[in-house]
Amino acid sequence: MSIRSLFLVTLVVDDYDRALDFYCGIMGFELVADTPLEATKRWVVVRPPGGDGAALLLARADGVAETAAIGNQTAGRVSFFLKTDDFAGDHARLSAKGVCFIEEPRHEPYGTVAVFEDCYGNLWDLIQHADDAAS
């Protein structure tokens, strides 16, 4: 089989620069690409720093259906999962930058987790897996 990985996931946004302010400015993601495609469209890709997993394609909504999906792409479920090896440090850093955690950190059999909202209301998990806690 030649399929090797999931490398890109689309996130519908209202404005490229607003999304970049949040994902790069607040979350600390790296800007991988920002290429003009036509007068109003860009190919904008961001990912966690040093990440080797999937990146986000920030796609500006075009039309009523896409605009309606902004902030609710998975019908209110957690949409995205960020893995960390320093839960306490990342939770404190993001909280200090104004990221809205909608729950207190909790300990589950699989690790420490807390749900937060991005600037659009999409839900994310910040997770430190139990087997990463010792490192």
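Residues numbered from 1 in each chain as written. Predicted model: local features only at pLDDT ≥ 70, side-chain atom pairs only at ≥ 80, totals over all residues. Heavy atoms only, no water.

The chain is annotated in an unreviewed UniProt entry as Catechol 2,3-dioxygenase-like lactoylglutathione lyase family enzyme from Rhizobium soli.

(A) Seen up close, the sheet that holds strand 3 (residues 42-47). Ordered in space as 1-4-3-2, the four strands form an open sheet in which the pairing is mixed. Two strands in the sheet have a free side with no partner beyond their single neighbour: strand 1 (8-13) and strand 2 (30-36). Along the sheet, successive strands turn relative to each other by an average axial angle of 25 degrees, direction set aside. The sheet contact formed by strand 2 and strand 3 spans six bridges and is antiparallel. (Pairing = 2+ DSSP bridges. Helix = DSSP H or I, 4+ residues; strand = E, 2+ residues; numbered from the N terminus. Axes fitted to C-alpha atoms, helices over the stretch in contact; angles between N-to-C directions.)

(B) Summary view of the nonpolar core. Core analysis: the largest hydrophobic core is formed by 27 residues, its most contacted members being Tyr-23, Met-27, Phe-29, Leu-56, Leu-58, Phe-116 and Trp-124. Contributions of two or more residues to this core are made by strand 1, helix 1 (16-26), strand 3, strand 4 (55-60), strand 5 (78-83), helix 3 (87-96), strand 8 (111-117) and strand 9 (123-129). No other element matches helix 1, which puts five residues into this core. No fewer than three residues from each of domain 1 (1-70) and domain 2 (74-134) sit in this core. If sequence neighbours within four positions are ignored, Tyr-23 has contacts with Leu-11, Gly-28, Phe-29, Val-46, Leu-56, Leu-58, Asp-118 and Trp-124. (Core = buried A, V, L, I, M, F, W, Y, C linked by side-chain atoms within 4.5 Å. Buried < 20%, exposed > 50% of the residue type's maximum accessible area, 1.4 Å probe, protein only. Domains from an automatic or database assignment. Contact = heavy atoms within 4.5 Å.)

(C) Molecular detail of the pattern of salt bridges. Within this structure, the stated rule accounts for eight salt bridges. For the salt bridge of Glu-30 with Arg-47, the shortest nitrogen-to-oxygen distance reads 3.7 Å. Of this pair, Glu-30 sits in strand 2 while Arg-47 sits in strand 3; the two residues are 17 residues apart in sequence, bridging distant segments of the chain. Glu-30 gets classed as partly exposed once you look at its relative accessible area, which sits at 32%. The exposure class of Arg-47 is partly exposed, given its relative accessible area of 28%. In this structure, the salt-bridge partner of Arg-42 is Asp-34, at a minimum N-O distance of 2.8 Å. (Salt bridge = Lys/Arg side-chain N within 4 Å of Asp/Glu carboxyl O.)

(D) Fine view of the environment of Lys-97. If you trace the backbone, Lys-97 turns up in the loop between helix 3 and strand 6 (100-101). Owing to a relative accessible area of 42%, Lys-97 belongs among the partly exposed residues under this scheme. Placed 72 residues apart in sequence, Lys-97 and Gly-25 show a C-alpha to C-alpha distance of 9.4 Å. At 3.3 Å, the side chain of Lys-97 and the backbone oxygen of Gly-25 are in polar contact. (Polar contact = N/O pair within 3.5 Å; in protein donor to acceptor, adjacent residues only side chain to side chain.)

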